[in-house]
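# Architecture at a glance
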Amino acid sequence: QVQLVESGGGLVQTGGSLRLSCAVSGLTFSRYGMAWFRQAPGKDREFIALIMRGGTTNYAVFVEGRFSISRDNAKNTVYLQMNSLKPEDTAVYYCAARLGLSGSFQYWGQGTQVTVSS
């Protein structure tokens, strides 16, 4: 059974930082591309960042250098370091796994809430 479990969300003030983690089990982690998405109330889910199995990364434009995605294949975990947080970053953050180089993500976590107060 494949499981993706996010952690590290919470309440933070504007300008603060958080580090999200996503622990993965039930698949060969090193073979998968991993990504972070988020969904704010009343909005569609949006892409944040992707890290391919070889370590290549890709970010959404709105990240503006504030977020960094990384992975630890020994720990089957992907991270999202978020700095200079803004109230508009408030959302539920999800990690996802994809076996191929493109296309849809096959597996998703349950999400972790991030709330940025002004």
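Parameters and conventions
- Residues numbered from 1 in each chain as written.
- Predicted model: local features only at pLDDT ≥ 70, side-chain atom pairs only at ≥ 80, totals over all residues.
- Heavy atoms only, no water.
- Helix = DSSP H or I, 4+ residues; strand = E, 2+ residues; numbered from the N terminus.
- Contact = heavy atoms within 4.5 Å.
- Polar contact = N/O pair within 3.5 Å; in protein donor to acceptor, adjacent residues only side chain to side chain.
- Pairing = 2+ DSSP bridges.
- Disulfide = S-S within 2.5 Å.
- Buried < 20%, exposed > 50% of the residue type's maximum accessible area, 1.4 Å probe, protein only.
- Salt bridge = Lys/Arg side-chain N within 4 Å of Asp/Glu carboxyl O.
- Core = buried A, V, L, I, M, F, W, Y, C linked by side-chain atoms within 4.5 Å.

Bringing the environment of serine 118 into the picture now. Inspection of the secondary structure assignment puts serine 118 in the segment after strand S11 (112-117). With 25 residues separating them along the chain, serine 118 and tyrosine 93 place their C-alpha atoms 19 Å apart. In this view, serine 118 contacts Thr14 and Pro87; residues no more than four positions away in its chain are not counted.

Along the chain, threonine 112 falls in strand S11. Polar side-chain contacts of threonine 112 include one of 3.3 Å to the backbone nitrogen of glycine 9. What threonine 112 contacts, discounting residues up to four positions off in sequence, is Glu6, Ser7, Gly8, Gly9, Leu20, Ala91, Val92 and Tyr93.

Sheet analysis places strand S4 (residues 33-39) next to strand S5 (residues 46-51), joined by five bridges and oriented antiparallel. Paired with alanine 35 across the bridge in S5 is leucine 50. Joining the antiparallel neighbours S4 and S5 is a turn of six residues, in which glycine 42 adopts a positive phi near 80°. Bridge count between S5 and strand S6 (residues 57-59): three bridges; the pairing is antiparallel. Each residue of the ladder has a partner; that of leucine 50, found in S6, is asparagine 58. From the end of S5 to the start of S6, which pair antiparallel, there are five residues, and glycine 55 there has a positive phi angle of about 105°.

Another aspect to go through is the state of the cysteines. The term disulfide refers to a covalent linkage connecting the sulfur atoms of a pair of cysteines. Using the criterion set out here, one finds one disulfide in the structure. Here cysteine 22 pairs with cysteine 95 through a disulfide, and the sulfurs are 1.9 Å apart. Here the S-S torsion is close to 50°, and the disulfide linking cysteine 22 with cysteine 95 is therefore right-handed. Residue cysteine 22 is located in strand S3 (residues 18-25), and its partner cysteine 95 is located in strand S9 (residues 91-98); the two are separated by 73 residues in the primary sequence. Each member of the pair, cysteine 22 as well as cysteine 95, carries the same accessibility label: buried.

Tallying each qualifying case throughout the model produces four salt bridges. One salt bridge in this structure joins aspartate 89 and arginine 38, with 2.8 Å as the shortest N-O distance. Taken as a pair, aspartate 89 in the loop between strand S8 (77-82) and S9 and arginine 38 in strand S4 lie far apart in primary sequence, 51 residues in all. Each of the salt bridges in this network shares a partner with another, and the network as a whole consists of Arg38, Glu46, Arg66 and Asp89.

Membership of the largest hydrophobic core comes to 29 residues, with the highest contact counts inside it found for Met34, Trp36, Val78, Leu80, Met82 and Tyr93. Contributions of two or more residues to this core are made by S3, S4, S5, strand S7 (67-72), S8, S9 and S11. Setting aside anything within four residues of it in sequence, one finds valine 78 in contact with Leu20, Ser21, Cys22, Phe29, Met34, Trp36, Ile51, Ile69, Ser70, Arg71 and Cys95. Within the second largest apolar cluster, five residues are counted, among which are Ala35, Phe37, Leu50 and Ala96.

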